[in-house]
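# Fold and contact review
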Amino acid sequence: MEDILEFLENNARISVEDLVKLTGKEKKDIQRTIKSYEKKGIIVKYRTVINRQKIKADQGVSALIEVKITPQKDVGFDSVAERIYRFPEVKSCYLLSGTYDLLLFVEGKDIQTVASFVSEKLAPLNLVKGTATHFMLKKYKEDGVVLVNESRNKRLPITY
Amino acid sequence: MIAKRIKQLAPSGIREFFDLVLGMPEVISLGVGEPDFVTPWRIREKAITAIEEGFTSYTSNSGLFGLRKGVSNLLKKKYAVDYCPDKEILITVGVSQGLDLALRAILNPGDKVVVVSPYYVAYPALVEISSGEVIYLTTREEDGFKINLEDLKEVVKLKPKAIILNYPGNPTGVSYSALELKNIWNILSKEDIVVISDETYDELTYNDKHTCFSSLDKKAKARTILLNGFSKGYAMTGFRVGFACGDKEIIDAMTKINSFAMLCGPIISQIAASEALLARKEVSLMRAEYRRRRGFVVKELNRVGLVTVMPEGAFYCFSSLKKFKINALDFANKLLMEKKVAVVPGKAFGKGLDSFIRISYANSLENLKESVIRIEDLLNNL
């Protein structure tokens, strides 16, 4: 049933009827499988990828923030990470190997909002040793989809 | 001014329909004979680098040795056939040029060539351009458009010089198992016939493994001109790279013509093709996608009443309109004008195919889904 995940990952709005046609499986099996994926947390949520660059107003700003933190006895990075990812401003949070520990994706309505989140909430945390904030200038590709004008399909409409 | 045999070339009969489609770029076209994928990036990137590095010269008339070696290795690995890259492989400008060279190399005026119908449109024309005479071997719907062995025996009696095989085939998607090919070869091997085997869709085989005609036995290999290329499986139609493999004598003759007529295929494309040979993962991802679409579209076409046999390869369905009182050209016209979907009427691919249409599933699932809705709508209101 893994192909169901692939179809859903590609198009969260795909209907069960289409999945029946595409996979050749029974409708009730597909419904049961999706339910169980949802219950087990394999399917976390259904979201829409929006190219905000095409919406003139209200684009907001996004930033990547590198965070160095001090691990703690027994729990390692997890509890510090939790203190950080609980902030609603943090959209994604990853623990990485390399020169810093956490990588955050933060969104805000303008640069000031993000800057004050860093200086007033993130940086003052006891176990945070340092931060580096990178504001995003342009998105070229997201979730495997090229967002800038990609020229495609130059085929002639009919050929042998 | 124009040579008689060129003047006499039969027009396709659906020229007007093609012009109509070309004038309506907003349609969903299921009439396209090429992949909807752009060439995988690693192949495009290699072509860009080749230009940057100054590879802008001719290559040898046989093509880049590295590419011939790569082709040789691939055929050895996939089909256990051994072609010497030095003497038995020629790089061509697509399979089309390979076919043209093969026919020019072997035909004397009036020599007969068997073309299996439904056929890819270029076959009869190329035979005639080379001053050959076409004999049609017509396959039947009830045989699943496969060669009927009794019919083959009859046609062989006419002493043809060559037969053109194409599997998986355009327009039907029909292919042959190893056993079926052996049965065909049993008949052909008794005569002095050259087999031109166009296996351009070999990478797009979905059920059984593809069997290369040259792999049947030693004698089959000696008598086969194997044609293949990068257009379909690797989504490289615009690069124009193919290859011809065969006996040294035949490849020699074809190379001789090439050395005067075309010189060589573009070096940039040949370098890109060498990279393509390494792109196995990309090829299998595309194959998986076609396979998925095939499952969807065949089931749906049958559901709406267009009887469609599951094609074994390529990316075409050859669907029957016999349940409906309409011929294929009228249907295709109506579908185009009223529903903005383009398909190719069967008559483009041979005589007696007026109730068939070719539907290409080299298109996105969304478009295929939308097309089925529109086709169903039209059929319900005929």
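Refer to the structure printed above.
Residues numbered from 1 in each chain as written. Chains lettered and ligands numbered in written order. Predicted model: local features only at pLDDT ≥ 70, side-chain atom pairs only at ≥ 80, totals over all residues.

## Overview of the sheet that holds strand 1 (residues 61-69) of chain A
Residue and element names in this part refer to chain A. Across the sheet, four strands lie side by side as 2-3-1-4; this open sheet has antiparallel pairing. In the strand order of this sheet, the two ends are held by strand 2 (90-95) and strand 4 (128-135), each with one partner. Direction aside, neighbouring strands of the sheet carry axes that sit 20° apart on average. As defined by bridge partners, strand 1 adjoins strand 4 across seven bridges and the pair is classed as antiparallel. Residue pairing across strands places L64 opposite H134, the latter belonging to strand 4. Along the sheet face, helix 4 (residues 78-85) touches strand 1, strand 2 and strand 3 (102-108) and points at about 165° away from the line of strand 2. (Pairing = 2+ DSSP bridges. Helix = DSSP H or I, 4+ residues; strand = E, 2+ residues; numbered from the N terminus. Axes fitted to C-alpha atoms, helices over the stretch in contact; angles between N-to-C directions. Contact = placed C-beta atoms within 7 Å.)

## Some thoughts on the pairing of strand 4 (residues 133-138) of chain B
Residue and element names in this part refer to chain B. Summarising the sheet, strand 3 (residues 112-117) and strand 4 pair through six bridges and their orientation is parallel. The partner of V115 across the bridge, within strand 4, is Y136. The handedness of the strand 3 to strand 4 crossover, carried by helix 6 (residues 122-129), is right-handed. (Right-handed = clockwise from strand over helix to strand, strands pointing away.)

## Brief notes about the sheet that holds strand 12 (residues 344-345) of chain B
Residue and element names in this part refer to chain B. Pairing in this open sheet of four strands is antiparallel, and the strands run 9-10-13-12 from one edge to the other. Here the strands that pair on one side only, and so sit at the sheet edges, are strand 9 (307-308) and strand 12. Pairing between strand 12 and strand 13 (residues 356-360): two bridges, direction antiparallel. By the bridge assignment for strand 13, P345 is matched with I357. Packing against the sheet, helix 13 (residues 328-339) makes contact with strand 12 and strand 13, and its axis sits at approximately 45° to strand 13.

## Here we look at the nonpolar core
Of all hydrophobic cores here, the largest spans 113 residues; its most connected members are A102, I164, I196, A244, V343 and I357 of chain B. Beyond its immediate stretch of four places on either side in the chain, I196 of chain B contacts L99, A102, A162, I164, I225 and L227 of chain B. Counting residues in each nonpolar core, the second largest holds 14 residues, with I69, V80, L104 and L122 of chain A among its members. (Core = buried A, V, L, I, M, F, W, Y, C linked by C-beta atoms within 7 Å. Buried ≥ 20, exposed ≤ 12 C-beta atoms within 10 Å, placed from the backbone.)

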